[in-house]
Amino acid sequence: MQFQSYWHDTARPFAEAAQGPVEGHYDVAVIGAGFTGLAAARQLAKAGVKVVVLEAEHVGWGASGRNGGHLNNGLAHSFLSAKSALGTERAIALYRAFDDSIDAIEAIIAQEGIDCSFRRAGKLKLASKPQHFDAIARNFEAVHIEVDPETALLTPSDLKNEIGSPFHGAMLSKKSAMMHMGRYVMGLATAAARHGAIIFERTAVTGHRQGNGRHSLETGRGTVTADHVLVATGAYTPSLFGHFRRRIISVGSFLIATRPLSDAEIAATMPGNRTCVTSMNIGNYFRLSPDKRLIFGGRARFSATSDQRSDAKSGDILRTSMAEIFPQLAGVEIDYCWGGLVDMTKDRYPRAGYVDGVWYAMGYSGHGAQLSTHLGMMIADAIMGKADRNPVKGLEWPAVPGHFGKPWFLPIVGLYYKTLDRFM
């Protein structure tokens, strides 16, 4: 078993990284070479803007290369909850932003010729308990009527041709998609570089100063100046950007990937070949990879750390969860086990905009693969003075009380959600 991301291991490394010292002046400096930063850089470079991307590790190293491979439309919350919290107009706008982001990803893949196995698979939100189906049905009715008619409510009998495990029904979101995340992020970086973006890998930003309308960014390889800065680092935001560290809760998310399954094993487990999410608070999500592995993930542990030891413990938990859902796969070999950090906000809504002299987009709360490309493009447009289409512009974002970077309270949160799952 390899303790590394399946997406990293099965995608070619980025070959167009800039060499030499980090120096010069740019119109825009982007910190972070994940989906958000690279989509923004591509958008800016295509418009003739001089842009540099500074990545602490390698392209796609963070959440963009450590996720479950889902491009699910819809929200992290129920649509009914979003309407109550945000108001109907903003809830609809945010829902449609997820739709638009999947459309944007599909368009970029076609325009740039990225080979990443993109497919409109549809998503199943699976009811783990009978009472969960009642809640899913109420949410489906509002979604289907008000914002997304390309949805369907499935009964347990409907699911027999979808999944080889007993669930109590599901909501099908037909616009949802899947792709190979590693190949997409490498293709996105290659496209950004081809359009003129300068991308430095292994170039952590260690200092930031601003004055006289300019920013100065220090790295171990030199210093650049820029008129604008976009922070696109999510859960991996460096401590020098304290405003975001007090508002982002970094939560571990863990995954395993089986060996390639036989056609008979697929027919017995995932005949519908869609992305799937269970309805538990501490639930699981899974899909088939392009080479027929089951990629199975979840919040195996409420932790802000991810190393080989913690990943191995989480892998054991996920293997047990997988066998509970798919006992027919209990003895199947696990080829990959990995973890990463998710940039959660307290209310699990993303945030993007301009504060303290810098632009930002983050807080995707486990739904970044879907939204980040589009939100990065929208922030790029805002930087260039174009129409501001940011669906979360002006959304209040208070700091988390007592939080200054290390989320000491995660075990308490985990216990709370485990208790809810036991009794609800």
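Coordinates for the structure precede this section.
A brief look at the structure comes next. (Residues numbered from 1 in each chain as written. Predicted model: local features only at pLDDT ≥ 70, side-chain atom pairs only at ≥ 80, totals over all residues. Heavy atoms only, no water.)

The set of residues buried in helix α3 (residues 79-86) consists of Phe-79, Ala-82 and Leu-86. Mapping the buried residues of α3 onto a view down its axis gives an arc of 55°, with all of them on the same face. Structural note: α3 exposes Ser-84 and Ala-85 on the side pointing more than 90 degrees away from its buried face. Turning to α3, the residues buried within the fold contact α4 (88-112) and α5 (130-146). Downstream of α3 by a residue or two, Gly-87 has a phi angle that is positive, lying close to 90°. (Buried < 20%, exposed > 50% of the residue type's maximum accessible area, 1.4 Å probe, protein only. Helix = DSSP H or I, 4+ residues; strand = E, 2+ residues; numbered from the N terminus. Arc of directions from axis to C-beta. Contact = heavy atoms within 4.5 Å.)

With that out of the way, let us pick up the environment of Tyr-349. Relative to the helices and strands, Tyr-349 resides in the loop between β16 (334-344) and β17 (351-355). Of the residues examined, Tyr-349 reaches a relative accessible area of 4% and is grouped as buried. Note: C-alpha distance between Tyr-349 and Met-362 (13 residues apart in sequence) is 9.5 Å. Those residues in contact with Tyr-349 that lie beyond four places of it in its chain are His-77, Ser-81, Ala-82, Ala-85, Leu-86, Leu-94, Gly-363, Ser-365 and Leu-395.

Structurally, His-180 is set in the loop between β7 (177-178) and α6 (181-194). Among the residues examined, His-180 registers a relative accessible area of 0% and is labelled buried. Looking at His-180, its side chain comes within polar contact range of the main-chain nitrogen of Arg-183, at 3.1 Å. Contacts of His-180, omitting those with residues within four sequence positions, involve Tyr-6, Trp-7, Thr-10, Ala-11, Cys-116 and Pro-290. (Polar contact = N/O pair within 3.5 Å; in protein donor to acceptor, adjacent residues only side chain to side chain.)

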